[in-house]
Amino acid sequence: MSSRNLLTLAAAVLAPVSAIAAEPIVPAVPDPIDAPIALLIDVSSGQTLFAREADRRFMPASLTKVMTTFLAFERIQKGQLFPQQITTMRPETFRQWHSVGSTMYLGENRPVTIEELLQGVTTVSANDGAVVLAEAALGSLPAWLAAMNRSAQELGMNDSHFGTANGWMDEGRTWTTARDLATLGSAMVTRHPGLYGHYVGARTMSYNGITQRNHDPITGVIPGADGIKTGFTNQAGYGFLGSAQRGDRRLVMVVAASPTGRQRNHAAKAFMEWGFQAFDSRQLYPMNAEIARVRVQGGGLRRIGVVAPRPIRIAMPKGHTARVALKVRYEGPIEAPIERGEQVAELAIFMDDVQVGTLPLVADRSVAPATQLQRLFNGAAAWLPWA
């Protein structure tokens, strides 16, 4: 029978970093007038650095395309979709989406690759490209929408629903929150770093003899910025889901419901700089470091190590000290079989007795079901106080 297990690791007091001469001026968080909705997450620690109306539902407009992109990445990784796969824009799709909103100017029945469609979606926010990608991947738009909503639930995006693949106005059937979008953005950059780096963040795209630019306000402007997606409709206002990495530290940011594109862009740039400049980041564990050992049931091993799939860091406001405590949580004993790299536990990070972040921990090795001889040995070993 499994039970909730908790392992408390040694606490530490982290001192502030000494002030450096000529410290750059730290920009302020965005004004509520410029960004009524704002959220900044430190992916490296799981911490929320700033939140304003993070759970308020809003229409995401073209930010919807981030889920379409993520779902395509998932299918590419599983071998269910291929970048060089060729498809065409169906006549009925052409009639509905030709030159509607942002477009990559797909031609009716003209061959196009999944690679080109993804570039169109991520770089120029192609409404036509998103729909053709959906139809090529799963045969129909309803099937793709069902997959988008399943993926949202699996990620824990409990305040999101998708009624469109591209975010075009759909009478309110599509909604999300800043917190859910940050969850999606974090999953994209951590699960699919190679695909993310390849498809997201290009400054321009040329297709069908037409060159268009990306409206991302931070990539190429803020050091380390590499995406992700802007959005706008008259109903939704202006929004942006963005990310940047400096060293081992990655931030994901959401600003939404901005009244103008200029205000959104100003808020996004200042917000991301504030996230990097206002906090010191300390590494607690390097990637693949063993954090703890957990019990296994029904396997060839009685215990396995749980490790960090990426470096674990903590962010503190500059000039502050903090007492840090770490707790490993898991439902255990963990039932075999277990795959190496499978998430089996989580690390909760506490700062001055307040939980500030949660990060996944994965198995450091695979464990097959126990043989009959191993079950006998494990049963006997369970009676030994040191086992």
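Residues numbered from 1 in each chain as written. Predicted model: local features only at pLDDT ≥ 70, side-chain atom pairs only at ≥ 80, totals over all residues. Heavy atoms only, no water.

(A) Layout of empty space enclosed by the protein. Throughout the structure, instances matching the rule amount to three cavities of 30 Å³ or more. Quantified by volume, the largest cavity comes out at close to 80 Å³. Residues that form the lining of the largest cavity fall into these classes: six nonpolar, six polar and one charged. (1 Å grid on protein atoms, 1.4 Å probe; cavity = no way out; pocket = protein on both sides within 12 Å on 5 of 7 lines; lining within 4 Å. Points joined across faces, edges and corners; volume = space filled by probe spheres on them. Nonpolar A, V, L, I, M, F, W, Y, C, P; charged D, E, K, R; others polar.)

(B) Structural view of the layout of surface pockets. Roughly 950 Å³ of volume is contained in the largest pocket. Around the largest pocket sit 25 residues that line it, and Ala187, Thr190, Arg310, Gln343 and Pro360 are the ones nearest its centre. Of all elements in the fold, only helix H5 (141-155), helix H6 (178-191), strand E18 (343-351) and strand E19 (354-363) reach the threshold of two or more residues within the lining of the largest pocket. Among the elements that line the lining of the largest pocket, the one with the most residues is H6, at seven residues. Grouping the constituent residues of the lining of the largest pocket by class yields eleven nonpolar, nine polar and five charged. (Helix = DSSP H or I, 4+ residues; strand = E, 2+ residues; numbered from the N terminus.)

(C) Just the environment of Gln263, in detail. Assignment of secondary structure puts Gln263 in helix H8 (residues 261-277). Sequence spacing of Gln263 and Ile33 is 230 residues, and the spatial spacing of their C-alpha atoms is 8.4 Å. Ignoring sequence-local partners within four residues, the contact set of Gln263 consists of Ile33 and Asp34. Engagement of the side chain of Gln263 in a polar contact is seen with the side chain of Asp34, the distance being 3.0 Å. Engagement of the side chain of Gln263 in a polar contact is seen with the side chain of Thr260, the distance being 2.9 Å. (Contact = heavy atoms within 4.5 Å. Polar contact = N/O pair within 3.5 Å; in protein donor to acceptor, adjacent residues only side chain to side chain.)

(D) Geometry of the pairing of strand E16 (residues 322-332). Across the eleven residues that make up E16, a large majority, eight, are buried. The pairing of E16 with E18 spans six bridges and is antiparallel. Paired with Leu326 across the two strands is Ile349, which belongs to E18. (Buried < 20%, exposed > 50% of the residue type's maximum accessible area, 1.4 Å probe, protein only. Pairing = 2+ DSSP bridges.)

(E) Layout of the pairing of strand E4 (residues 47-52). Sheet analysis places strand E3 (residues 37-42) next to E4, joined by five bridges and oriented antiparallel. In the strand pairing of E4, Leu40 is matched with Phe50. Connecting E3 to the antiparallel partner E4 that follows it, the hairpin turn spans four residues, and Gly46 within it adopts a positive phi of roughly 75°.

(F) A look at the environment of Leu133. Tracing the backbone shows Leu133 in helix H4 (residues 127-138). Here Leu133 is in contact with Thr68, Ala72, Leu81, Ile114, Leu117 and Leu118, once residues within four sequence places are set aside.

(G) Examining the sheet that holds E3 more closely. The strand order across the open sheet formed by five strands is E4-E3-E11-E10-E9, and the pairing between neighbours is antiparallel. Unpaired on one side and paired on the other, E4 and strand E9 (225-233) mark the two borders of the sheet. Neighbour to neighbour, the strand axes of the sheet diverge by 5° on average, direction disregarded. Where E9 lies against strand E10 (residues 237-246), eight bridges are found, and the strand directions are antiparallel. Each bridged residue has a counterpart across the sheet, and for Ile228 the counterpart in E10 is Gly242. In this fold H8 packs onto E3, E4, E9, E10 and strand E11 (249-258), with an angle of close to 155° to the strand it touches most, E11. (Axes fitted to C-alpha atoms, helices over the stretch in contact; angles between N-to-C directions.)

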